[in-house]
Amino acid sequence: MIPLETAIAEGLLYLVPEPRSPHGVDIAPRGDYITVSGKLDPHTTVYGFDRILKAIDAKNFEGKDRYGIPVLKFDAVVAGKVEVGAGPLHTQYDNQGNAYTSLYLESAVAKWTLGEPYHAAADAFKLVDKVSIHYNIGHLATAQGDTMDPQGKYLVAMNKWSIDRHTNVGPLHPQNFQLIVISGQKMELLADMPIGFGEPHYAQMVKADVIKAHEVYEPGVSAASNQKNPDAIAGEKDARIVRRPGVVEVWMNVIRSHFTPDVITAKVGDRVIVHLTNSEQTADATHGFAVPTKNVMVSLDPGETTTVQFVVDRPGTYSYYCTEFCSALHLEMQGWLIVEK
Ligand SMILES: [Cu+2]
């Protein structure tokens, strides 16, 4: 942690007097502009990063705040102001030097131009277009619009409410996402989509080839820690049960569609520790392991290893079974835990 005094002494922290209730602060793709939207001010303020650095070098301050943080002169650091409309919140960018600001009160998205080098001074910081969206837009996302490599083409308006827009399924309605085409000069609404979770916040839209998901875990890797645990791995051949006083430790293999071992015996009072390895190498071949009376239910992705443990306190015969519909023999994928007195 950097203490406030150190930040001030080392020249790391400066303030700027933004007009009204600043909300979203969004950096342009090349890091040259900082867009601040003022929620209660119909303008978006665009600060030039080079102007900020120059003002710091020239000690162009209008004073200090009560903690001693230098306050930069507003006029010295502002590159432009754009009258975007009522209730500006967040801004995203495209690959043509345009910015897109969500307008919460007005329920719209404003498109406007950045300054040099994207647009000549005469065309800079001008409102270009506005598109009405359905209702209560908060955040918005353009394709890679938060990165150094924005793609343009599409924008998603993340609307917090969806009043009357989709089939009513209860008091809580889905959020309404609206897809807008931004490849032309004018924005165009393409589609609505209900999304069934709480208020959408920062989200990223990236090209599919940016996502390099691994489909199968390297055997023995735990999804929880993303670490390999060689001591917990069990293939079908080395699956085993090891007993010591008060403990039954099981190395269990899981593959379509059986558990090895499929019978475990224990004594009342024993702690049962089960290391489970799903040794599937087929993407999507997930298995589960549930021991209902012990409140145990885990999901194992292909290759994954995980450990569960519980104490058996009553004699009886308990089933454990797979909870994923893994094959035609899924219903056979079960075993028995026999607890003796
Ligand atoms: Cu299964």
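Residues numbered from 1 in each chain as written. Predicted model: local features only at pLDDT ≥ 70, side-chain atom pairs only at ≥ 80, totals over all residues. Heavy atoms only, no water.

**Q** Residues and numbers for the coordination of the copper ion, please.
**A** The protein atoms that coordinate the copper ion are H287 (ND1), C322 (SG), C326 (SG) and M333 (SD), at distances of 2.1 to 2.6 Å. Of note is the copper ion, whose four donor atoms meet at the metal with angles of 94 to 127° in an arrangement that counts as tetrahedral. All donors to the copper ion come from one chain, and their sequence spacing reads H-x34-C-x3-C-x6-M. Taken together, the residues C322 in the loop between β23 (316-321) and β24 (334-340) and M333 in the loop between β23 and β24 connect sequence positions 11 residues apart. Comparing C322 with M333 shows no difference in burial state: the two are buried. (Donors = N, O, S within 2.8 Å, 3.2 Å for Na, K, Ca; no water. Tetrahedral: all angles 85-135°; square planar, octahedral: opposite > 155°, others 65-115°. Helix = DSSP H or I, 4+ residues; strand = E, 2+ residues; numbered from the N terminus. Buried < 20%, exposed > 50% of the residue type's maximum accessible area, 1.4 Å probe, protein only.)

**Q** Give a detailed account of the pattern of salt bridges, specifying residues and quantitative values.
**A** A side chain with one charge can pair with a side chain of the opposite charge if their charged atoms come near. Per the counting criterion, the structure on display carries eight salt bridges. Measuring nitrogen to oxygen at the nearest pair gives 2.8 Å for the salt bridge that ties K228 to E218. Remark: E218 occurs in the loop between β14 (188-195) and β15 (240-244) and K228 occurs in the loop between β14 and β15; sequence separation between them is 10 residues. Owing to a relative accessible area of 44%, K228 belongs among the partly exposed residues under this scheme. Between R244 and E249 there is a salt bridge, with its nearest N and O atoms 2.8 Å apart. For E249, a relative accessible area of 13% corresponds to the buried category. (Salt bridge = Lys/Arg side-chain N within 4 Å of Asp/Glu carboxyl O.)

**Q** Tell me about the environment of L179, residues and numbers included.
**A** Its place among the elements puts L179 in strand β13 (residues 175-181). On the basis of relative accessibility, which here comes to 28%, the residue L179 falls in the partly exposed class. As a C-alpha pair, L179 and V250 span 71 residues in sequence and 51 Å in three-dimensional space.

**Q** An account of the sheet that holds strand β10 (residues 127-132) is requested, with residue identities and associated values reported.
**A** Reading across from one edge, β7-β8-β9-β10 is the order of the four strands in this open sheet, with antiparallel pairing throughout. The two strands at the open ends of the sheet, each matched to only one other strand, are β7 (88-93) and β10. Going across the sheet, the axis of each strand differs from the next one's by a mean of 20°, ignoring polarity. Two elements, strand β8 (residues 98-103) and strand β9 (residues 108-113), share six bridges in a ladder whose sense is antiparallel. Bridge pairing in β9 links T101 to A110. (Pairing = 2+ DSSP bridges. Axes fitted to C-alpha atoms, helices over the stretch in contact; angles between N-to-C directions.)

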